Amino acid sequence: MQRRILTADVVYNGLGTARAAGAVVLQGEGEAAQIIAVDSLERIRQRFPEAPITRVGFALSPPPVNAHTHLDLSRLPYFRGDYLSFIRHVIKSQQQRGLEAARDGLAELRRHGVRVVGDIVAREEVMTLLLSEPALSGVAYWEVIGPDPAEAERIFNETVAKVRAFRRLERPGGVRVGLSPHTPHTVSAPLLQKLTQFAHTDGLPLQIHVAETPFEAALHRTGMGPLAEFMRTFGASWQPSGLSPVGYLASLGVLEARPTLVHMVHVDEEDVRAVQRAGCAVIHCPRSNEALECGRFPWERYAKHGVDVALGTDSLGSAPDLSLEAELSAAAALHGSKASPLALVRAAVKGGYRALGLPPPRINRGDSASGLYIWRG
Ligand SMILES: [Zn+2]
């Protein structure tokens, strides 16, 4: 039986830490090819001295997860500039949001070999599409926006009815329904608390954008700054808690439902400790953060406290494509020696599954070689 060895800088079988200079041995050809060993290249060479060796590129792993995107924004023109201008750009382009854009986004995901996704959904027809999509899994989070506390009850009741109807469309192995209160400042405190309670009792995964822009902390701590002024132009009233955005979520009990927190750029040591204690995962979107001038995600701070980090591209409005390979390369360039290639691959795979509340996959002996994801690098 023909055997061949694939090797890469990083080999990750889904368990523990990834391995530098690892190798995978395949037996058989084409569709029938099976994985018969995963180990260091040195040991594999000794065990299979006759097998030819091919260097495939940067890494070999189970397939990665795009833990945060907005497929229904896939027709939004790619934007670079400050965060508040981006929000205006999204608001202006609402008519480009929807089903056709989501279909484009799905095709773009597939082009990059991604079949597991954390997607924020703002249109009912897009939710229906994702829940019926074959060969796609992950979580479709229904987005909720509602800054006015007087509207909390009405929006909450509508959300419960919609989400329960969506859940009737869930299929085994397919996409699950989740809930995404948009940000801590675009959802009022009573609505945030109701949504948290609902997620808790109905077992819904949560995803929230938190501490993305440097202006968000000022809004929460003092009620001042560019984001506060921007919100006032929409007539939203805002009472600052004096806490950080993460501290505010903790004070409302939101962290108890273990939401996955997206962006999390502007956080201090105490925020990260609170996130670690609550068992929340965090999603890093380096290219979007760079495009929207949001600053550098403190990778080393999360690593120090053992917080699970995943990678996401965010939407095509702030990322040039939905490639996890490009996202990982951007993270590597951004963090330099602070983030090892081994940790980055683990984040893109295991971190992604953890962030979506799904069991992480493994590469086992006897598995089909089609389950291997090759990072060309
Ligand atoms: Zn987002």
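The following refers to the structure shown. (Residues numbered from 1 in each chain as written. Predicted model: local features only at pLDDT ≥ 70, side-chain atom pairs only at ≥ 80, totals over all residues. Heavy atoms only, no water.)

The N-to-C vectors of helix H2 (residues 83-92) and helix H8 (residues 226-233) enclose an angle of 25°; their axes lie 10 Å apart at closest approach. Considered as vectors, H2 and H8 are oriented roughly parallel to each other. Of the residues in H8, those touching H2 at Tyr 83, Leu 84, Ile 87 and Arg 88 are Pro 226, Leu 227 and Phe 230. Partitioning the contact of H2 with H8 into residue classes produces six nonpolar, no polar and one charged. (Axes fitted to C-alpha atoms, helices over the stretch in contact; angles between N-to-C directions. Helix = DSSP H or I, 4+ residues; strand = E, 2+ residues; numbered from the N terminus. Parallel < 35°, antiparallel > 145°, perpendicular 65-115°, else oblique. Contact = heavy atoms within 4.5 Å. Nonpolar A, V, L, I, M, F, W, Y, C, P; charged D, E, K, R; others polar.)

Let us now look at the coordination of the zinc ion. For a metal bound by four donors in a tetrahedral arrangement, the ideal donor-metal-donor angle is 109.5 degrees, while six donors in an octahedral arrangement ideally sit at 90 or 180 degrees. The protein atoms that coordinate the zinc ion are His 68 (NE2), His 70 (NE2), His 209 (NE2) and Asp 314 (OD), at distances spanning 2.1 to 2.7 Å. Within one chain, the residues serving as donors to the zinc ion are arranged as H-x1-H-x138-H-x104-D. A residue pair is termed long-range when its members are at least 10 positions apart, and His 70 in the loop between strand S5 (66-69) and H2 and Asp 314 in the loop between strand S12 (309-311) and helix H13 (324-335) qualify at 244 residues. Taken individually, His 70 and Asp 314 each receive the classification buried, so the pair is uniform in this respect. (Donors = N, O, S within 2.8 Å, 3.2 Å for Na, K, Ca; no water. Buried < 20%, exposed > 50% of the residue type's maximum accessible area, 1.4 Å probe, protein only.)

Another aspect to go through is the packing of aromatic side chains. In this description, a pair of aromatic rings is defined by centroid distance and the angle of the planes. On inspection of all chains with the given rule, the structure shows seven aromatic pairs. With centroids separated by 6.0 Å and ring planes inclined at 90°, the aromatic side chains of Phe 156 and Phe 198 adopt a geometry described as edge-to-face. Highlighted residues: Phe 156 in helix H5 (residues 152-167) and Phe 198 in helix H6 (residues 189-202), separated in sequence by 42 residues. Judged on exposure class, the residue Phe 156 and its partner Phe 198 are both buried. On the numbers, 4.8 Å between centres and 20° between planes, the contact of Phe 297 with Tyr 302 is stacked. Just as Phe 297 is buried, Tyr 302 falls in that class too. Each member of the aromatic cluster is reached from another via a ring pair, and the members are Phe 297, Trp 299 and Tyr 302. (Phe/Tyr/Trp six-rings, centres within 6.5 Å; stacked < 30°, edge-to-face > 60°.)

Reported here for the largest pocket is a volume of approximately 600 Å³. For the lining of the largest pocket, the secondary-structure elements that each account for two or more residues are H2 and H8. Per-element accounting of the lining of the largest pocket gives the leading share, five residues, to H2. Considered class by class, the residues forming the lining of the largest pocket number 14 nonpolar, ten polar and four charged. Mapped by element, the contributors of at least two residues to the lining of the second largest pocket are H6, helix H10 (269-278) and helix H14 (341-356). No other element matches H14, which puts three residues into the lining of the second largest pocket. Taken together, the residues of the lining of the second largest pocket break down into eleven nonpolar, seven polar and five charged. (1 Å grid on protein atoms, 1.4 Å probe; cavity = no way out; pocket = protein on both sides within 12 Å on 5 of 7 lines; lining within 4 Å. Points joined across faces, edges and corners; volume = space filled by probe spheres on them.)

Turning to the pairing of strand S2 (residues 19-27), a few remarks are in order. Direction of pairing for strand S1 (residues 3-11) relative to S2: antiparallel, over a ladder of eight bridges. Bridging across to S2, Thr 7 finds its partner in Ala 23. Looking at chain direction, S2 and strand S3 (residues 34-40) are connected through six bridges and run antiparallel. Its bridge partner being in S3, Leu 26 is matched across the sheet by Ile 35. (Pairing = 2+ DSSP bridges.)

Right, let's get into the side chain of Ser 323. Within the fold, Ser 323 resides in the loop between S12 and H13. In this structure Ser 323 comes out as buried when scored by relative accessible area, which is 8%. When neighbours within four sequence positions are excluded, Ser 323 is seen to be in contact with His 112, Arg 287 and Thr 313.

A few words now on the sheet that holds strand S8 (residues 175-181). Spatial ordering of the open sheet is given by S5-S6-S7-S8, a layout of four strands whose pairing is parallel. The sheet is open, and its two borders are formed by S5 and S8, each paired with just one other strand. For this sheet, the mean inter-axis angle between neighbouring strands, taken without regard to orientation, is 20°. When strand S6 (residues 116-121) meets strand S7 (residues 137-144), the two strands line up parallel, connected through six bridges. In the sheet register, Val 117 faces S7, and the bridge partner there is Gly 138.

Looking now at the pattern of salt bridges. Taken as a whole, this structure holds 27 salt bridges when the rule is applied. Glu 270 is paired through a salt bridge with Arg 277; the nearest N and O atoms lie 3.5 Å apart. Shared partners join several salt bridges into a network, and the residues in it are Arg 19, Asp 39 and Arg 43. (Salt bridge = Lys/Arg side-chain N within 4 Å of Asp/Glu carboxyl O.)

The values reported here are purely geometric and, on their own, carry no functional implication.
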